[in-house]
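Topology and contacts: notes
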Amino acid sequence: FVPLGRASRNGDERRGPLRIGYVGTLVWHKGVHVLVDAVRGLPPNACELKIFGNPDVFPDYAADLRAAAAGLPVRFMGAFDRERIDEVYAQIDVLVVPSLWLENSPLVIHEAFMAGVPVVGARIGGIADLVDDGRTGLLYDPASPVELETALRGLIENPRRLNELAELARTIPRVKSIAEDAQEWEGIYAEVARRHSAARIAT
């Protein structure tokens, strides 16, 4: 897990198309095709979808996505270095998590919040537990590209709303790194050992 800094964003100052992002594996159950379908209904000059993911993992699905995205404002960004994940989130205004299966606790949502990026996610599984609908992001029916399109259109038409969601996303407590968590556990074990040793001496 790579700790991320919080980027400074202001929806009122955003210029150009809404930068929509997908970050993750390009596989059917992640629902990337639903996102592409939703973008098809949006004004082409008002948004840009950036898909970050390795097309070689499931090449047939990646090829289908490219075919479906032909003529749309969609850019396939390819694989990315996990150590430079902050650069990925710096390129998007909103993260979409369009999963069709019961996610547990998607890492990308935690990353997005750490970067101050609001999330539009499918109302399914752990996604709905992490995204506070209307505060840190928006939820939609996972089977409805139209509902996802509507949510994204609202952010295009109201940049101030995007700014509000981003501000609330930044208030979520930062996720600790593995090193920080390990250090805390080491401290707990050391304290337990110290008390155990002191109790033995006392008896």
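So, on to the overall build of the chain. Broken down by element type, the chain carries eight helices and six strands. Expressed as a percentage of its 203 residues, the buried residues of the chain come to 43%. Approximately 10500 Å² of the chain is accessible, and the part contributed by carbon and sulfur atoms is 54%.

Alternating positions in strand β6 (residues 137–140) separate into two faces, Gly 137 and Leu 139 on one and Leu 138 and Tyr 140 on the other, with burial throughout. The parallel pair strand β5 (residues 119–122) and β6, bridged by helix α5 (residues 125–130), forms a crossover whose chirality is right-handed.

Let us look at the pattern of salt bridges. Taken as a whole and assessed by the stated rule, the structure comprises 13 salt bridges. Salt bridges here are not isolated pairs; linked through shared partners, they connect Arg 123, Asp 133 and Glu 147.

With that settled, the discussion passes to helix α2 (residues 59–68). All of the buried residues along α2 are Tyr 61, Ala 62 and Leu 65. Mapping the buried residues of α2 onto a view down its axis gives an arc of 100°, with all of them on the same face. Facing away from the buried side of α2, by more than 90 degrees, are the exposed residues Asp 60, Asp 64 and Ala 67.

In this structure, the largest pocket occupies an estimated 190 Å³ of space. Every residue lining the largest pocket is counted, 16 residues in all, and those nearest its centre are Tyr 22, Val 23, Gly 24, Lys 30 and Val 108. Broken down by secondary-structure element, the contributors of at least two residues to the lining of the largest pocket are β1 (18–23), β4 (94–97) and α4 (107–114). Its residues assigned to classes, the lining of the largest pocket comprises nine nonpolar, three polar and four charged.

On the surface, a nonpolar cluster with roughly 450 Å² of combined accessible area is contributed by Trp 185, Ile 188, Tyr 189 and Val 192. Inspection of the secondary structure assignment puts Trp 185 in helix α8 (residues 178–202). According to the relative accessible area criterion, Trp 185 is partly exposed, its value standing at 44%.

What follows is about the packing of helix α1 (residues 32–40) against helix α6 (residues 145–157). Taken N-terminus to C-terminus, the directions of α1 and α6 make an angle of 60°; their axes are 8 Å apart at the nearest point. In terms of orientation, α1 and α6 fall into the oblique class. Of the two possible hands of crossing, α1 and α6 adopt the one that is right-handed. When α1 is examined against α6, the residues Val 34, Leu 35, Asp 37 and Ala 38 are found in contact with a partner set consisting of Pro 145, Leu 148, Glu 149 and Leu 152. For the contact of α1 with α6, the class distribution of residues is six nonpolar, no polar and two charged.

Quick look at the pairing of strand β2 (residues 47–52) now. Walk down a regular strand and you will see the side chains alternate between the two sheet faces. Among the six residues in β2, six count as buried, and that is most of the element. Of the two faces of β2, the one holding Cys 47, Leu 49 and Ile 51 and the one holding Glu 48, Lys 50 and Phe 52 are both buried throughout. Judged from the six bridges that link them, β1 and β2 form a sheet pairing that is parallel. Note that in β2 the partner of Arg 19 across the bridge is Glu 48. With α1 bridging β1 and the parallel β2, this β-α-β connection has right-handed handedness. As defined by bridge partners, β2 adjoins strand β3 (residues 74–78) across four bridges and the pair is classed as parallel. By the bridge assignment, Lys 50 is partnered in β3 with Arg 75. Handedness of the β2-α2-β3 crossover: right-handed.

Definitions and cut-offs
Residues numbered from 1 in each chain as written. Predicted model: local features only at pLDDT ≥ 70, side-chain atom pairs only at ≥ 80, totals over all residues. Heavy atoms only, no water. Helix = DSSP H or I, 4+ residues; strand = E, 2+ residues; numbered from the N terminus. Buried < 20%, exposed > 50% of the residue type's maximum accessible area, 1.4 Å probe, protein only. Areas by Shrake-Rupley, 256 points an atom, 1.4 Å probe, with all protein chains shown as cover. Right-handed = clockwise from strand over helix to strand, strands pointing away. Salt bridge = Lys/Arg side-chain N within 4 Å of Asp/Glu carboxyl O. Arc of directions from axis to C-beta. 1 Å grid on protein atoms, 1.4 Å probe; cavity = no way out; pocket = protein on both sides within 12 Å on 5 of 7 lines; lining within 4 Å. Points joined across faces, edges and corners; volume = space filled by probe spheres on them. Nonpolar A, V, L, I, M, F, W, Y, C, P; charged D, E, K, R; others polar. Patch = residues over 30% accessible without salt bridge, like charges linked within 9 Å, V, L, I, M, F, W, Y side chains within 5 Å. Axes fitted to C-alpha atoms, helices over the stretch in contact; angles between N-to-C directions. Parallel < 35°, antiparallel > 145°, perpendicular 65-115°, else oblique. Left-handed = near helix turned anticlockwise from the far one by under 90°. Contact = heavy atoms within 4.5 Å. Pairing = 2+ DSSP bridges.

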